[in-house]
Amino acid sequence: MLRVFWCILSRDLTLAMRRRTDVLTTLFFFVIVVSLFPLGVGTESKALQIIGPGVVWVAALLASMLALERLFAADYEDGTLEQMLLTAQPLSLLVLAKVTAHWILTGLPLVLIAPLVGMQFQLTDNAIIIMMLALLVGTPILSLIGAIGAALTLGLRGGGILLSLLILPLYIPILVYGSGAVEVSRIALADTQPYFALLGAFLLVALIFAPVASSAALKISLE
């Protein structure tokens, strides 16, 4: 099963590297959105530090959604997805591999670029570290939840709009606790552990249930 997981993961990563513009579009979108706010709000340090965590998380959320519609679309169009349904391997394992590839291509770059973004909002070193850790835990949840919406809207006309309507409400807790952890880190003697505990719990639940729910949604979409 691990070999199948690695095979699907490496396949999706290889295909993505052949379409690098899709990967870079997500990263550039994130950088542009985050950079617009300091230009519009001004350079006042306190104002930037207050809005910074929320802006970064909203931008990360929207950037993650850009590639969700294509998560299963290519395999659906060329018939690969139907072949996956016929394999002896659990479909949830194949879905998890595709979601992992999606996170590596869209979520992990956002984590790595977070220090530069934090400098734009004049965040402290501690706040930047907390933001990186929060993104590291939170962005996989965005990919896992988004996979359910992508599976439900597969093959539908105007699926991108419907996808946004389906998953944006589910992203709200991740947005609140992810940005809240960074905000609390700016307060002396404040404890960020409850925020990370909740994000970790969300990640665990998403890892268990999201691949199964996505698999069921794919079967419905392909019928």
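These figures come from a predicted structure and were not determined experimentally.

### A short note on the nonpolar core
Formed by 61 residues in total, the largest nonpolar core has its most connected members in Phe30, Phe72, Phe121, Leu135, Tyr171 and Leu218. The element contributing the most residues to this core is helix 8 (residues 125-152), with 13 residues. Excluding anything up to four places from it in sequence, phenylalanine 30 contacts Val56, Ala59, Ala60, Ala63, Leu110, Ile113 and Val117.

### Here's the deal with the UniProt feature "transmembrane region" (unreviewed entry) in the protein chain
On the UniProt side, "transmembrane region" (unreviewed entry) is annotated at positions that read residues 21-41, 47-72, 93-116, 128-154, 161-182 and 194-218 here. As annotated, residues 21-41 has a helix share of 100% and a strand share of 0%, and its two end C-alpha atoms lie 30 Å apart. A distance of 35 Å separates the end C-alpha atoms of residues 194-218, which is 100% helix and 0% strand.

### Details of unusual backbone geometry
Despite not being glycine, glutamine 122 shows a phi value in the positive range, around 55°. Summarising the element assignment, glutamine 122 is placed in the loop between helix 7 (108-120) and helix 8. The class of glutamine 122 is partly exposed, set by a relative accessible area of 34%.

### Re the packing of aromatic side chains
How two aromatic rings sit relative to each other is given by the distance of their centres and the angle of their planes. The full count for this structure, using the stated rule, is 2 aromatic pairs. Each ring, one from tyrosine 177 and one from phenylalanine 202, has its centre 6.0 Å from the other, and the planes form 45°; the classification is tilted. Of the two residues, tyrosine 177 sits in helix 9 (residues 159-185) while phenylalanine 202 sits in helix 10 (residues 193-222), which places them 25 residues apart along the sequence. Of the residues examined, tyrosine 177 reaches a relative accessible area of 27% and is grouped as partly exposed. We classify phenylalanine 202 as partly exposed; its relative accessible area is 29%.

The rules behind the values
Residues numbered from 1 in each chain as written. Predicted model: local features only at pLDDT ≥ 70, side-chain atom pairs only at ≥ 80, totals over all residues. Heavy atoms only, no water. Core = buried A, V, L, I, M, F, W, Y, C linked by side-chain atoms within 4.5 Å. Buried < 20%, exposed > 50% of the residue type's maximum accessible area, 1.4 Å probe, protein only. Helix = DSSP H or I, 4+ residues; strand = E, 2+ residues; numbered from the N terminus. Contact = heavy atoms within 4.5 Å. UniProt positions renumbered as here; feature names shortened; annotations may be inferred. Phe/Tyr/Trp six-rings, centres within 6.5 Å; stacked < 30°, edge-to-face > 60°.

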